[in-house]
Structures are given as C-alpha cells and as structure tokens.
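Chains, contacts and geometry: an overview
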Amino acid sequence: MEINGNSNDVLHLVMFPFFAFGHISPFVQLSNKLSFHGVKVSFFTASGNASRVKSMLNSAPTTCIVPLTLPQVEGLPPGAESTAELTPITAELLKVALDQMQPQIKSLLSNLKPHFVLFDFAQDWLPKMADELGIKSVYYSVFVALSTAFLTCPARVPQPKKYPSLEDMKKPPPGFPHTSVTSVKTFEAQDFLYIFKSFHGGPTVYDRVLSGLKGCSAILAKTCSQMEGPYIEYVKSQFKKPVFLVGPVVPDPPSGELEERWGNWLNKFESGTVIYSSFGSETFLTDDQIKELALGLEETGLPFFLVLNFPANIDVSAELNRVLPNGFMDRVKERGIIHSGWVQQQHILAHSSVGCYVCHAGFSSVIEALVNDCQVVMLPQKGDQLLNAKLVSGDMKAGVEVHRRDEDGYFGKQDIKEAVEMVMMEVDKEPGKLFRENQKKWKEFLLNKDIQCKFIEDLVYEMKAMVKISSN
C-alpha cells in the first residue's frame, strides 16, 4: 500500500463506501471511470473485502486499495466484514465497528492528504474530521435523487427527533416537486420507517444521512437531470450546497464469454422471448413470493430463467422442493430454469434471446436492463428499490411495476403474468407500447458515450476548481 501526499496537479480522491457490496460496487464503478481520466484513487475497504474489491477495480497505476482493520465488536462474528456475511440484525453492528474506526481513518487521511474524501451514508462523523485535516468531503449518494428528496431531506423531519408517523410517510415532504410520485402504499411507508430506528444506541439512518449531507463540502449524486431534474433541484434547495452529478454510471460491457451451458440453453429460443429474473445476492424472497412468482412466470407461456438465492447454510434443493408447487419443475422443464448462486448476469441480459428482466428495481439492475434491450418488470423488495420502481415506471415510463396489495405488498401469480404481458405481448396497446418506445429512447441516451463521458469530465473539472487545481 503506497501512502504519500499529493503532487499538485493530480486530483487525489479517497473512496470510502459502507461495508456492503451494494454500496461498494457504485464506488468501484466511479473509481474506474475517474482513473481513466487521470484521477488518483485510494480505496478504503475492510481487509476481508480487499481481494474482491481488487478484482472489480481496473488495474490503474494511480489506484490503490487501503485495507482497514475492523475492531472487535461484541456480537459481530470475527472475519465478517460486509453485509453479505451477516443477517440484517447483525449487519447493524458494522455501523458500530465503523464508528469505532475514527482514529484509524484520521491517521490514514493525515498520511494520504487527498484533496477529497468521498464517503457514504454511515460515516456521519467524517465531514468534521476531514475539515480539521483540510480535506474536502463529498457525500456520494448511491441512491437516486428521488430517494434523498422523499426520505432524507430536512423537510421530512422539521422538528429535531420528532420523527414522522406511518401516515406521514405515505406522503411526500413539504415543498416536494409535482411529479408522478404523489403518495406511496402502506407497506412501502412501513418499510421506510426503518430509517428512523436506532440500533445499539447509535444514530438512526436518517440522522446519519442528514449529518453527512449537511456537513459535507458537496453532494455527489449517481443520477442526471434528464432522469431526475425536479428531485435534484429540490435536494439543492433543501441543502443549499453544490450538488455534482456523475450520471447513472453505465457499467462497462462484460468481458469473456457466457458459460456454455447457459448459452446453449438460451440459443434454443427465439430472439427477445426469454424472461430473466433475479433479485440480487442479498435479497431473499418469502415462500409465498417464490411460489407466486414461479407460477406467474409459468402462466406467461414464455421461457424463463429464474435465479433464487437463499441465506447461507441452507440446503437449496431441499428448499426449492419444499417451496415450489407440486409438479412445477416437471411442467416447465423444457422452457424453465431455476438456479441458485452467482451467474453472469450482464452476459445473460445481453443475449439476443432475453427480452424481459423481472428484478427488484435496484437502479444498477434497471440500467443493465435498459442498455440491453430488455423490458423491465419491477418487483421491489425494500428501501430505495420501492422508489426506484416509481421513478422508472411513473416518471421515466420505461418499465412496469408489479401490482401489489396496499397493506402488506402481497402479489399473486396473476399480477406477475399481467405485468410481463404488458411489456412482452401487448406491444401495440398502451401503456406497453409507450414503455417499449421509452426503453429504446433511454437505451440510446445511456449508450451515448459522449454524454456519459461528459458527466465524468464535468465532475473532474468541478472538483479541480474547488481545490484550485488547473484543468489543463
């Protein structure tokens, strides 16, 4: 690990995401784009995550990983250094560990002397520390601006610690822009109340986020005005500080070939007819959800590739036998695959046979679908996914959200079937026709290299101007 100060004309950033790969990945993607523009990057991550992060980062001479030592915290299993290895309850202890790492972080920043430190929602103490060291701090929000505008702006909690009720959370905060998002369902508002809960005596997520956003030198958002203009303006008016936009950070095309067994199976079907469905490695559907999703996919009559993941140490085949309806696997064996574990998702979405992606509406997943000519069917599970789905279906009109029951979010097989048919079969009827047209429009925008490159160039220019480095 190389630790030194700055040469005056090279912009040097420290990247410091929370210890969850859903947060680490966007920081990595941004690091890769910035290193291509000559920016020096020092990437902070727990030592246990370092080898995986190294495999994700482009090997640029100006990029290095700085491994962090997590302190021992009662209840946190030794060696567990990301949310992937923990239950949601034990994952809260990662924030406790993070809070105890302040002396270690201060020492590293003092030695590295970067121009900026880009930090995440959990490090609410970082702006003050960076300020004392003469370092600019940038809060990098890996969520869409709608999420910040709806959930974590000062207007949401006008009086300190007087947190909103369930009914309050169904409505946008005061002054919120007039868009397609006018309210949310009861089950969604219930999920949002998580951000007002304190664990292990620590600050709530809302308080961490507000401290970070209020204390930082500038806010950086993984979005663009073309997608989220009104929400970006609202965030600017709420925090009254620079808001830089990095764009949606379109992933680079995957390298290598698709695994032969999956390629051979997909090749059996006509172009654009296969439904691919996956919910990420850390989202586990309930028994009912698995059953209704599987039956809904079956009832479309289309071929499908369904990825279902389960918590560690679960016997997957026994679990599938228990949850899936009797005779299901026999009925779909010619046109359905159910797989558990990692697959080459980008390669699969890029395959000509795949025409629809049923997903949890993680924004990176939505972007992957749009750039690959896949219609998007969204079944959000938690947190920002619930708002992403509203942005994509309501404002961008580029995908369909599965209909859910208001009080508990229940969906049935018919809801899955109708959502898929809207974008896959009813191609000459509205709203399916509009969704398909907009998917093409957004694909063109996202794949326009000049536009996407300019987001990064502008960001580098604005950051250099903030620390008075020449851009020549």
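Residues numbered from 1 in each chain as written. Predicted model: local features only at pLDDT ≥ 70, side-chain atom pairs only at ≥ 80, totals over all residues. Heavy atoms only, no water.

The protein chain appears in an unreviewed UniProt entry as Glycosyltransferase from Solanum pinnatisectum. Quoted verbatim from the Pathway (unreviewed entry) field of the UniProt record, the comment on the protein chain reads "Pigment biosynthesis; anthocyanin biosynthesis." The heading Sequence similarities (unreviewed entry) in the UniProt record of the protein chain holds the text "Belongs to the UDP-glycosyltransferase family." (UniProt positions renumbered as here; feature names shortened; annotations may be inferred.)

Brief notes about the packing of helix α19 (residues 413–424) against helix α20 (residues 432–446)
Remark: α19 packs on α20, axes separated minimally by 7 Å, with the N-to-C direction vectors making an angle of 65°. On α20, the residues that touch M422, V423 and M424 of α19 are G432, F435 and R436. Classifying every residue of the contact of α19 with α20 gives four nonpolar, one polar and one charged. (Axes fitted to C-alpha atoms, helices over the stretch in contact; angles between N-to-C directions. Helix = DSSP H or I, 4+ residues; strand = E, 2+ residues; numbered from the N terminus. Contact = heavy atoms within 4.5 Å. Nonpolar A, V, L, I, M, F, W, Y, C, P; charged D, E, K, R; others polar.)

Thoughts on the sheet that holds strand β4 (residues 116–119)
Strand pairing in a sheet takes place through backbone hydrogen bonds and is either antiparallel or parallel in direction. Strand order in the open sheet formed by seven strands is β3-β2-β1-β4-β5-β6-β7, with parallel pairing between adjacent strands. Both outer strands of the open sheet, β3 (63–68) and β7 (243–245), are each paired with one neighbouring strand and no more. Neighbour-to-neighbour, the strand axes of the sheet open up by a mean angle of 25°, direction not taken into account. Inspection of the sheet shows β4 paired to strand β5 (residues 136–141) by four bridges, in the parallel sense. Counterpart to V117 in the pairing with β5 is S137. On top of the sheet, helix α11 (residues 225–239) reaches β6 (218–221) and β7; it is set at about 165° to β7, its chief contact. (Pairing = 2+ DSSP bridges.)

Describing α11
The end-to-end C-alpha separation of α11 is 17 Å, well short of the 21 Å expected for 15 residues at 1.5 Å each. Along α11, the largest kink reaches about 45° and is centred on Y231. (Expected span 1.5 Å × (residues − 1). Bend = angle between axes of the 7 residues up to and from the residue.)

Regarding unusual backbone geometry
With omega at 5°, the peptide bond leading from E430 into P431 counts as cis. Here K113, not a glycine, exhibits a phi torsion of approximately 50°, which is positive. The residue K113 is located in the loop between α5 (102–112) and β4 in this model.

Examining the pattern of salt bridges
In the structure shown here, the tally under the stated rule is 20 salt bridges. The closest approach of N and O atoms between D373 and K443, which form a salt bridge, is 3.2 Å. Within this pair, whereas D373 is found in the loop between α17 (363–371) and β12 (375–378), its partner K443 is found in helix α20, the two being separated by 70 residues in sequence. With relative accessibility at 23%, the residue K443 sits in the partly exposed group. Among the salt bridges present, the one from R405 reaches D408, with a minimum N-O distance of 2.7 Å. (Salt bridge = Lys/Arg side-chain N within 4 Å of Asp/Glu carboxyl O. Buried < 20%, exposed > 50% of the residue type's maximum accessible area, 1.4 Å probe, protein only.)

A word on helix α14 (residues 316–323)
For an α-helix the count is 3.6 residues per turn, leaving residues at separations of three or four pointing the same way. By the burial criterion, the buried members of α14 are E319, L320 and V323. The arc that holds the buried residues of α14, viewed along the axis, is 100°, so those residues lie on one side. Those residues of α14 hidden inside the fold are in contact with α13 (287–300) and β10 (336–339). (Arc of directions from axis to C-beta.)

Some remarks on the packing of aromatic side chains
In total, this model carries 20 aromatic pairs according to the counting rule given. Taken together, a centroid distance of 6.4 Å and an interplanar angle of 75° make the contact between Y163 and Y206 edge-to-face. On the criterion of sequence distance, the pair formed by Y163 in the loop between α7 (145–151) and α8 (166–169) and Y206 in helix α10 (residues 205–215) is long-range, its members being 43 residues apart. We classify Y206 as buried; its relative accessible area is 4%. Measuring from centroid to centroid gives 6.3 Å for F304 and F328, while their planes differ by 35°, and the two rings are tilted. Placement of the pair is F304 in strand β9 (residues 304–307) and F328 in helix α15 (residues 328–332), with a sequence separation of 24 residues. Note on accessibility: F304 and F328 belong to one class, buried. One residue, R52, lies across the ring of F21, its end atom 3.6 Å from the ring centre. Over the ring of F150 we find R156, and its NZ or CZ is 5.0 Å from the ring centre. (Phe/Tyr/Trp six-rings, centres within 6.5 Å; stacked < 30°, edge-to-face > 60°. Lys NZ or Arg CZ within 6 Å of the ring centre and 35° of its normal.)

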